[in-house]
Protein chains: 2
Amino acid sequence: MAAVTAPKQDRSRATRRRLLEAAVACLAERGWAGSTVSVVAERAGVSRGAAQHHFPTREDLFTAAVEYVAEERCTALRALPRRHTAAVVAAMVDLYTGPLFRAALHLWVAASNEEKLRRRVTELEAHFGRESHRMAVELLHADESRPGVRETVQGFLDMARGLGLANLLTDDTARRHKVVAQWSQLLEEALTSP
Amino acid sequence: MAAVTAPKQDRSRATRRRLLEAAVACLAERGWAGSTVSVVAERAGVSRGAAQHHFPTREDLFTAAVEYVAEERCTALRALPRRHTAAVVAAMVDLYTGPLFRAALHLWVAASNEEKLRRRVTELEAHFGRESHRMAVELLHADESRPGVRETVQGFLDMARGLGLANLLTDDTARRHKVVAQWSQLLEEALTSP
């Protein structure tokens, strides 16, 4: 029995993952208005019925998708070997400038006008906010018992979010690299000065 | 003749301004999908025909609106008496946390999926980016001939944009005030240290 069940569970999990990844890609490319369960199912090569079995509503699918991909990316980032501040800052800023941030931004903005989405996206935002703060503190070896350090790290994450927004319509890579280099230095000084 | 023309021009200008202000408020509250010329005309107490006389397309109306309100706010900010870094930082961050930023964000995100909007919003963004950078340099008395100062100021504006985004779904005021207080100090040090 177990031999039959396990591959079935694996297949189900693989389908779920394909749907989640397709949902983020779809949201990033087409925005909320253009992202439906059908479009995602087709992109993932899954029947609409199977998609609805996994995610009964559109809200379920897209909030789960952003959460899943965000956690995947955070896990990958945490697994990297310890490095210098500049490398950590660059890697964290990268979190905010790819398709994941673009997808999250579409969800975020849609949630500001849609009651059904708002509560779930607010929870997701709070969860990811705490997670990314904890990750930044850990990777930057920030000592939050010192006054101001907590707010220094928070401001850095706000800057990363703003850099993501600046990359939405045009390729902001060249400017961003210079800003990141300079702010890495400011952060390093702020986190190490007595 | 002049006596007849002048009040007519004044009335036309007043109508235009009412439309622009209503368009920003509408975009901030209802998002791009819920913002049409008709909705704005009604809100401004102007006929649909008159609205279309001033702004032939939906794209014309909303890009002009965000541009107009942004310039109004910048002019007001520039006219304030010279103050300390903390007050300048707080006043500039305020630019990004009210209805204007909310409206601009909706336009921005819609532009990422709508060809007709993209080019105009990209131009608007570039223009406002230059303007706000120039304003920040001026108000903070930043000496851009010194290495790193330009990027320090840019990163601060990115942080302000990120703080605006963090205020979209929930009231982030308390956290933001602490971040702004801390980074005002870091910015002041970065801009004045040799």
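Thresholds, definitions, all that
- Residues numbered from 1 in each chain as written.
- Chains lettered and ligands numbered in written order.
- Predicted model: local features only at pLDDT ≥ 70, side-chain atom pairs only at ≥ 80, totals over all residues.
- Heavy atoms only, no water.
- Helix = DSSP H or I, 4+ residues; strand = E, 2+ residues; numbered from the N terminus.
- Buried < 20%, exposed > 50% of the residue type's maximum accessible area, 1.4 Å probe, protein only.
- Areas by Shrake-Rupley, 256 points an atom, 1.4 Å probe, with all protein chains shown as cover.
- Lys, Arg positive; Asp, Glu negative; His and termini not counted.
- Charge placed at Lys NZ, Arg CZ, Asp CG, Glu CD.
- Contact = heavy atoms within 4.5 Å.
- Salt bridge = Lys/Arg side-chain N within 4 Å of Asp/Glu carboxyl O.
- Polar contact = N/O pair within 3.5 Å; in protein donor to acceptor, adjacent residues only side chain to side chain.
- UniProt positions renumbered as here; feature names shortened; annotations may be inferred.
- Phe/Tyr/Trp six-rings, centres within 6.5 Å; stacked < 30°, edge-to-face > 60°.
- Lys NZ or Arg CZ within 6 Å of the ring centre and 35° of its normal.
- Least-squares fit on C-alpha atoms with pLDDT ≥ 70 in both.
- Axes fitted to C-alpha atoms, helices over the stretch in contact; angles between N-to-C directions.
- Parallel < 35°, antiparallel > 145°, perpendicular 65-115°, else oblique.
- Left-handed = near helix turned anticlockwise from the far one by under 90°.

Caption draft 1: Examining the overall build of chain A more closely. Within chain A, the regular secondary structure consists of nine helices and zero strands. Considering only C-alpha atoms, chain A reaches an extent of 60 × 40 × 30 Å along its principal axes. The buried share among the 194 residues of chain A stands at 51%. Accessible surface, chain A: about 9,300 Å² in total, of which carbon and sulfur atoms supply 54%. Here chain A carries 27 positive and 24 negative side-chain charges, and the mean point of each set is 5 Å from the other.

Caption draft 2: Structural detail: the interface of chain B and chain A. Counting residues at the interface gives 38 residues for chain B and 39 residues for chain A. Remark: the boundary between chain B and chain A carries two salt bridges. The salt bridge involving B:Arg175 is made with A:Asp158; its shortest N-O contact spans 2.9 Å. Taken together, chain B and chain A are joined by 20 residue pairs in polar contact (both at pLDDT 80 or more).

Caption draft 3: Examining the UniProt feature "DNA-binding region" (unreviewed entry) in chain A more closely. Mapped onto this numbering, the UniProt entry gives "DNA-binding region" (unreviewed entry) at residues 36-55 of chain A. Here residues 36-55 of chain A runs as 75% helix and 0% strand, with 12 Å between its end C-alpha atoms.

Caption draft 4: Representation of the packing of aromatic side chains in the model. Applying the stated criterion across every chain yields a total of five aromatic pairs over all chains. Here the aromatic rings of B:Trp32 and B:Phe62 are separated by 5.6 Å at their centres, their planes lie at 80°, and the arrangement is edge-to-face. You can see B:Trp32 sitting in the loop between helix H1 (2-30) and helix H2 (37-44) and its partner B:Phe62 sitting in helix H4 (residues 58-79), a full 30 residues away along the chain. For the pair shown, B:Trp32 and B:Phe62 are each scored as buried. Taking the centre distance of 6.0 Å and the plane angle of 55° together, the rings of B:Tyr96 and B:Phe101 count as tilted. As far as the burial class goes, B:Tyr96 and B:Phe101 line up, both buried. For the cation-ring pair, A:Arg58 lies above A:Trp32, with the distance from its terminal atom to the ring centre recorded as 3.7 Å.

Caption draft 5: A look at the relation of the copies chain B and chain A. Mapping chain B onto chain A calls for a rotation angle of 180° and an axial translation of 0.0 Å; the resulting RMSD is 0.1 Å. When the rotation and shift are considered jointly, the pair of chain copies conforms to a two-fold rotation axis.

Caption draft 6: Representation of the UniProt feature "domain: HTH tetR-type" (unreviewed entry) in chain A. Mapped onto the present numbering, the UniProt feature "domain: HTH tetR-type" (unreviewed entry) falls at residues 13-73 of chain A. Between the C-alpha atoms that bound residues 13-73 of chain A there is a distance of 18 Å. The span itself is 80% helix and 0% strand.

Caption draft 7: View of the packing of helix H5 (residues 85-95) of chain A against helix H8 (residues 149-166) of chain A. Residue and element names in this part refer to chain A. At their nearest, the axes of H5 and H8 sit 8 Å apart, and the two run at 50° to each other. Overall, the two elements H5 and H8 adopt an arrangement that is oblique. Handedness of the crossing formed by H5 with H8: right-handed. Along its contact with H5, which presents Val-89, Met-92 and Val-93, the element H8 presents Phe-156, Leu-157, Ala-160 and Leu-163.

Caption draft 8: Local environment of the pattern of salt bridges. Under the criterion given, the structure shown has 24 salt bridges over all chains. Taking the shortest distance from any N to any O, the salt bridge between B:Lys116 and B:Glu59 comes out at 3.9 Å. Within this pair, whereas B:Lys116 is found in helix H7 (residues 115-139), its partner B:Glu59 is found in helix H4, the two being separated by 57 residues in sequence. Of the residues examined, B:Glu59 reaches a relative accessible area of 9% and is grouped as buried. Salt bridges sharing partners connect three or more residues here, namely A:Arg78, A:Glu131, A:Arg134 and A:Glu138.

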